[in-house]
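# Coordinate inspection notes
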Amino acid sequence: MCIHQLNLLAASSNLHLGPFIGKQPMEACHFSSICDVMEKAMVNGDTCIIRCILVVFQVVFQFFNLNAEQNRDCVKRSGLLLWQLLMAPHDQIEPEIQREVCLAISSGLNTLYQSELELNNLLKFVFTEGEKNSGLSQLRDVILNNLANQLQKNRFGSEDDDHYRLKDELLQCILKTVVRESCLLITKCQTVSKEDLQKLLSTVPAASPSLRYLMAVQNHLLSNTILLHPDDIDDSDSSLQGETMKVQELQTSILSLASKILVGCDEVLETLQQVTSSLINSSISDREARLRGLEQVTKATMLGHLLPVLLTSLMHPNLQTLTLADALMPQLVQLVLYTSQTALLLKTHSPLFVEDSPLNQSPNPPSFQILEEREEPGFLTGLKIPAPWAAGKTVETVHPVRDNFKFKETVHIPGARCLYLRFDPRCSSQYDYDKLVIYAGPNTNSRKVSEYGGNTMGYGSRSVLGTGWPKDLVKVEGDTVTFSFEMRSGREHNTPDKAMWGFSCTVRAQESSEDVSGGLPFLADLALGLSVLACAMLRILYNGPYITREEEACHDLLCSKLLQRCQWQVEANGAISPALTPSPSPLPLTIDEEREFTYPSDVLMPGACCELPRIHLPPGIMGRLRELSGRGRPQFRPSIK
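Summary of the structure given here. (Residues numbered from 1 in each chain as written. Predicted model: local features only at pLDDT ≥ 70, side-chain atom pairs only at ≥ 80, totals over all residues. Heavy atoms only, no water.)

## With respect to the side chain of Asn-455
Looking at the element boundaries, Asn-455 is found in the loop between strand S5 (447-453) and strand S6 (474-477). From its side chain, Asn-455 meets the backbone oxygen of Ser-429 in a polar contact 2.8 Å long. Reaching out from Asn-455, the side chain makes a polar contact with the backbone oxygen of Tyr-459 at a distance of 3.3 Å. (Helix = DSSP H or I, 4+ residues; strand = E, 2+ residues; numbered from the N terminus. Polar contact = N/O pair within 3.5 Å; in protein donor to acceptor, adjacent residues only side chain to side chain.)

## Thoughts on the nonpolar core
Counting residues in each nonpolar core, the largest one holds 112 residues, and the members touching the most others are Met-38, Phe-57, Trp-83, Phe-127, Tyr-213, Met-302 and Leu-332. Setting aside anything within four residues of it in sequence, one finds Phe-127 in contact with Arg-140, Leu-144, Leu-166, Leu-170, Cys-173, Ile-174 and Thr-177. Grouped together as the second largest cluster of nonpolar side chains are 27 residues, Leu-419, Val-474, Val-476 and Cys-505 included. (Core = buried A, V, L, I, M, F, W, Y, C linked by side-chain atoms within 4.5 Å. Buried < 20%, exposed > 50% of the residue type's maximum accessible area, 1.4 Å probe, protein only. Contact = heavy atoms within 4.5 Å.)

## Points about a nonpolar patch on the surface
A contiguous nonpolar surface patch, about 220 Å² in accessible area, is contributed by Leu-322, Leu-538 and Leu-541. Within the secondary structure, Leu-538 is located in helix H20 (residues 522-543). (Patch = residues over 30% accessible without salt bridge, like charges linked within 9 Å, V, L, I, M, F, W, Y side chains within 5 Å. Areas by Shrake-Rupley, 256 points an atom, 1.4 Å probe, with all protein chains shown as cover. Salt bridge = Lys/Arg side-chain N within 4 Å of Asp/Glu carboxyl O.)

## Regarding the sheet that holds S6
With antiparallel pairing, the four strands of this open sheet are ordered in space as S1-S8-S3-S6. The open sheet has two edge strands with one neighbour each: strand S1 (393-396) and S6. Each neighbouring strand pair of the sheet contributes to a mean axis angle of 25°, computed without reference to strand direction. Pairing of S1 with strand S8 (residues 504-508) involves four bridges; the strand directions are antiparallel. Bridge pairing in S8 places Val-395 opposite Cys-505. (Pairing = 2+ DSSP bridges. Axes fitted to C-alpha atoms, helices over the stretch in contact; angles between N-to-C directions.)

## A word on helix H9 (residues 134-151)
With 18 residues, H9 extends 26 Å between its outermost C-alpha atoms, agreeing within 8% with the 26 Å of an ideal straight helix rising 1.5 Å per residue. Within H9 the residues assigned to the buried category are Gly-135, Leu-136, Ser-137, Leu-139, Arg-140, Val-142, Ile-143, Leu-144, Leu-147, Ala-148 and Leu-151. (Expected span 1.5 Å × (residues − 1).)

## Observations regarding the pairing of S8
Of all five residues in S8, five are buried; the element is thus mostly enclosed. Here S8 shows two buried faces, one formed by Ser-504, Thr-506 and Arg-508 and the other by Cys-505 and Val-507. With four bridges connecting them, strand S3 (residues 418-423) and S8 associate as antiparallel partners. Opposite Arg-422, over in S8, you have Thr-506 as the bridge partner.

## Thoughts on the sheet that holds strand S2 (residues 406-412)
To summarise the sheet geometry, strands pair through backbone hydrogen bonds and adopt either a parallel or an antiparallel arrangement. The four strands lie next to each other as S2-S7-S4-S5, forming an open sheet whose pairing is antiparallel. At either end of the open sheet lies a strand with only one pairing partner, and these are S2 and S5. Each strand axis lies, on average, 15° off the axis of its neighbour in the sheet, ignoring direction. Relative to strand S7 (residues 480-486), S2 runs antiparallel, the two being bridged by seven bridges. In the strand pairing of S7, Lys-408 is matched with Ser-484.

## Details of the packing of helix H8 (residues 116-129) against H9
The interhelical angle for the contact between H8 and H9, taken along N-to-C directions, is 120°, at an axis separation of 8 Å. Here H8 lies oblique to H9, going by the angle between them. The crossing of H8 and H9 is left-handed. Packed against H8, whose contacting residues are Leu-123, Phe-125, Val-126, Phe-127 and Glu-129, the element H9 presents Leu-136, Leu-139, Arg-140, Ile-143 and Leu-144 at the interface. Looking at side-chain class alone, the contact of H8 with H9 contains eight nonpolar, no polar and two charged residues. (Parallel < 35°, antiparallel > 145°, perpendicular 65-115°, else oblique. Left-handed = near helix turned anticlockwise from the far one by under 90°. Nonpolar A, V, L, I, M, F, W, Y, C, P; charged D, E, K, R; others polar.)

## What to know about the packing of aromatic side chains
If you walk through the whole model with that rule in mind, you get 10 aromatic pairs. Taking the centre distance of 5.3 Å and the plane angle of 10° together, the rings of Tyr-431 and Tyr-433 count as stacked. Since its relative accessible area comes to 14%, Tyr-431 is described here as buried. Taken together through their ring pairs, the aromatic side chains of Phe-405, Phe-407, Phe-483, Phe-485 and Phe-503 make up a single cluster. (Phe/Tyr/Trp six-rings, centres within 6.5 Å; stacked < 30°, edge-to-face > 60°.)

## Regarding the pattern of salt bridges
Taken as a whole, this structure holds 13 salt bridges when the rule is applied. For Arg-51, the salt bridge goes to Glu-96, with nearest N and O atoms at 2.9 Å. Of this pair, Arg-51 sits in helix H4 (residues 47-63) while Glu-96 sits in helix H6 (residues 95-107), and the two are 45 residues apart along the sequence. By relative accessible area, Arg-51 is classed as partly exposed at 34%. In this structure, the salt-bridge partner of Lys-124 is Glu-169, at a minimum N-O distance of 2.6 Å. Here Lys-124 is found in helix H8, whereas its partner Glu-169 is found in helix H11 (residues 168-191), with 45 residues between them in sequence. Through salt bridges that share partners, Asp-36, Glu-39 and Arg-77 make up one connected network.

These figures capture arrangement, not role.
The following block contains the structure:
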């Protein structure tokens, strides 16, 4: 088997060739010989041998232990050879060899750069200077693709998590690259020729390697946060404390990443608004085609790949926190303004909107002008909002049905007054008692609507129930319908599949699906998503933090008037305990249990003593205390003169 095939097999997650190939450690002399062959091939310009040695490097870096002391010089030597090839002039190196060099450096990244400082410096150099050299640009893309693939396989907090999830400084460099790529892609809709625009539209919405890595980091953090179930956490103190710290660390990482992404989206949306305005005010012949293509190109930027996932995930209860709301609210408001304004610009200059818009219809005659209160035009005016379940839900059996087959399913469409059922014309069963029963309700105990069974093809019973399987719509009152089908007979040898096809039925809340909308325009949908998230964050800012489980468990203690009399202090270790010094505020002599107690506003001098208040207990409790103490109520004795 050739080495290149071994390298391809090594990339498979199902095969582990390391123990098989690397049973014996590689000696330094052998590795040095490989480097000698590479040097000689580079001097002679033998591209075939160079490609073979590059593939050998990929296998050697991946499987053999090169961390031994005697191999460090060989590793350093191989790294210099690889970088000499990578930085060679473009006319002196073939693209295929350059690609193999990038694969070799990427596979041996941890071997060639063993210290964290060296690795960070290399990545920073590649990410910042990648645009100036084709070899560095290709190496950057290969490294980011590999890191993205590995990051998707790891859970948060694993040993390799810190390695695959880069530092904030490097992440900021990648984000700048993504923002620059997104703005350049949008600008091309205005600057490139008509032919190049068609080529561009045929390649989107493919994501660049930098964008792919950001997507992997975002999905890695968000999925691990959303998959945490507080109710499933062990009740032990150690487990609860560990999971709480993990949630807090995840939320901090998400806040840092979300802030960077929203700032980058702000810059991309500003560019999008400028390009849209320029196209609208221009006089080019294919202006309408470019405006339509602009929305498609926008989906290939970070606005289409990062922002929708982030908005949806931030609505999860694990991320509805006061800290996130306070930090992200200003950026969300700015994004809502940009997206709604740009969506309005694109919509108002669409030919369909201009023809059908009620704003462009002729006004009332001057003699019949009436002042009417009309809705202010916005980016949703004239658009059909997609209704849930508008396209309907299809319920069907297997085709053909088999012996002893049973089927039951319930369809519920919230808010529907009635449901309309349309059956497939191929519906059939072998006998009339192999039937479908329809119930107007959530189960088979609900009101029976009708039942159908049999076939008209001359097989089995040669008859059908009633008028046969319905060819017209079947109306069911209410918002819920239940289907129950059972195959009671065994299939006869001469019954074909078409006579035992089963059934298929589409359930809708309206008679036809002609008014079903194909969806909102992308920018209008994005503006709605941002608005919903902004409203949710405003609600959190208005209501304050949610009551924690610890606060609910200590509710009675927190409401205690006795504890409210205490002056609390924070100790050095962070614990809270009652202060030993007297209360600095004069307290009333009695506290009314029916009223909430508050301290007086004035403050005594330090060191001054005051009489502690007496709390009036209910008569029932006082009577019980007297019984337990054996002391009765003091009797009133009139004085004798």
